[in-house]
Amino acid sequence: MKLNLSDRISGILDARFIGDGHYMTPVPGLILMRSYGRMPPQHMLYRPTLCVVAQGAKEIMVADQTLRYGNGQTLVVTVEAPVLSQLVEASAATPYIGAILELDLGIIRDVVTRLGDVVTTGPSAFGLEVQDLDIQITGSLLRLLDLIGEPRGVDILYPSIMREIAYWLVRSPVGRNVARMVIPDGQPHRIAQAMSHLRDHFDSPVDVKALARSVGMSPSSFHQHFKALTAMSPLQYQKHFRLLEARRRMISDGDQASAAAVAVGYESVSQFSREYARMFGAPPRRETRRAVKAGDRSVGGATSSDGSRATL
């Protein structure tokens, strides 16, 4: 079954003459990817998704946490998190082959509500977990792949297949995390509201105590649950968004470093330069030179630190 998943993805990419790259399928939230070589680390924004590896291996870093997953495994993401991602196993002979499937939170919420007996209590757990693909979820993924060649069936069949995936995820070892992200008034759901605020207002000063109160939590509980879910503090989380947006502005829009720093909320350009170099491994002026060399080239793909759109 695992080999079949790899073969099926390869066949779909071959049929569309996609050798090295990714394909945004007509199935909502489903992206297929193949790479014939290892890639350098990229800063990306992960949203609630299944990140499936059919062949090869990936490694991601979130703050001080490192996760590796490979053949027949999936990374279950239940929190919006900025990560450092890289392919660590990929070659011309054995390319990396994978898929990204955005989780449908509405369907998951309906499944959790209908089940009624899902355990959602207990302390918050890290919002990115690796687990082996079981035969049920693999079968559902294969049925989603079938819809790529039958676009008229997407609207009819997608909801039922996603319901299968939601059911088996909730019943899996990571089920508590999956269920808790959609339970209203639960701690992870409240933290998600705070994350949305930090993302939408990344360029403004943040009062962590006021933010905690706005989602109905004490400052100490808020900080504890936020760190457990994301491996970083609220201020670190906001800083990641600032730096990612600054990089996008410099590469995609051609902003100078000083202009990008001010636009994302920094008062000190020197502080911005230090934090930028610490996160990306190079000073911001290198990005402005890169943008000049790139000229008018467009960048496609996933939502990464270079301004592209995917979350692979």
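For the structure itself, look to the data block above.
Heads up: these notes are all about the structure in this document. (Residues numbered from 1 in each chain as written. Predicted model: local features only at pLDDT ≥ 70, side-chain atom pairs only at ≥ 80, totals over all residues. Heavy atoms only, no water.)

Glancing now at the sheet that holds strand β8 (residues 81–89). The strands making up a sheet are joined through hydrogen bonds of the backbone, oriented either antiparallel or parallel. Here four strands make up an open sheet; going across it, the order is β3-β8-β5-β6 and the pairing antiparallel. Across the chains shown, the open sheet's two edge strands, defined by having one partner strand only, are β3 (42–46) and β6 (65–70). Taken pair by pair, the neighbouring strands of this sheet meet at an average axis angle of 35°, ignoring direction. In terms of strand pairing, strand β5 (residues 57–62) meets β8 through five bridges, oriented antiparallel. Bridge pairing in β8 links Lys58 to Leu87. (Pairing = 2+ DSSP bridges. Helix = DSSP H or I, 4+ residues; strand = E, 2+ residues; numbered from the N terminus. Axes fitted to C-alpha atoms, helices over the stretch in contact; angles between N-to-C directions.)

The strand order β1-β2-β9-β4-β7-β10 describes an open sheet built from six strands, whose pairing is antiparallel. The open sheet has two edge strands, β1 (21–24) and β10 (128–132), and neither has a second partner. Sheet twist, expressed as the mean angle between neighbouring strand axes with direction ignored, is 20°. Along the sheet, helix α3 (residues 135–148) contacts β1, β2 (30–35), β4 (49–55), β9 (96–102) and β10; its crossing angle with β2, the most-contacted strand, is approximately 95°. (Contact = heavy atoms within 4.5 Å.)

You can see Ser172 is positioned in the loop between α4 (154–170) and α5 (175–180). Classification of Ser172 by relative accessible area gives buried; the value is 12%. The sequence separation of Ser172 and Gln131 amounts to 41 residues, and the corresponding C-alpha distance is 8.9 Å. (Buried < 20%, exposed > 50% of the residue type's maximum accessible area, 1.4 Å probe, protein only.)

What follows covers the packing of aromatic side chains. Any pair of aromatic rings gets described here by the distance separating the centres and the angle formed by the planes. Tallied over the entire structure, the rule returns seven aromatic pairs. Measuring from centroid to centroid gives 5.4 Å for Phe226 and Tyr237, while their planes differ by 85°, and the two rings are edge-to-face. Highlighted residues: Phe226 in helix α8 (residues 219–230) and Tyr237 in helix α9 (residues 234–253), separated in sequence by 11 residues. When the ring of Phe272 is compared with that of Tyr276, the centres are 5.6 Å apart and the planes differ by 55°; the resulting orientation is tilted. Of the two residues, Phe272 and Tyr276 both sit in helix α11 (residues 269–280), four residues apart, roughly one turn of that helix. Joined through ring pairs, the aromatic side chains of Phe222, Phe226, Tyr237 and Phe241 make up one cluster. Just above the ring of Tyr266 sits the side chain of Arg242; from NZ or CZ to the centre is 5.7 Å. (Phe/Tyr/Trp six-rings, centres within 6.5 Å; stacked < 30°, edge-to-face > 60°. Lys NZ or Arg CZ within 6 Å of the ring centre and 35° of its normal.)

Per the stated rule, a full pass over the model turns up 13 salt bridges. Between Glu80 and Arg47 there is a salt bridge, with the nearest N and O atoms lying 3.7 Å from each other. With Glu80 in the loop between β7 (73–77) and β8 and Arg47 in the loop between β3 and β4, this pair connects stretches of sequence that are 33 residues apart. When its relative accessible area of 12% is taken as the criterion, Glu80 is described as buried. Given a relative accessible area of 31%, Arg47 falls into the partly exposed group. Through salt bridges with shared partners, a single ionic network connects Glu245, Arg248, Arg249, Asp253 and Asp255. (Salt bridge = Lys/Arg side-chain N within 4 Å of Asp/Glu carboxyl O.)

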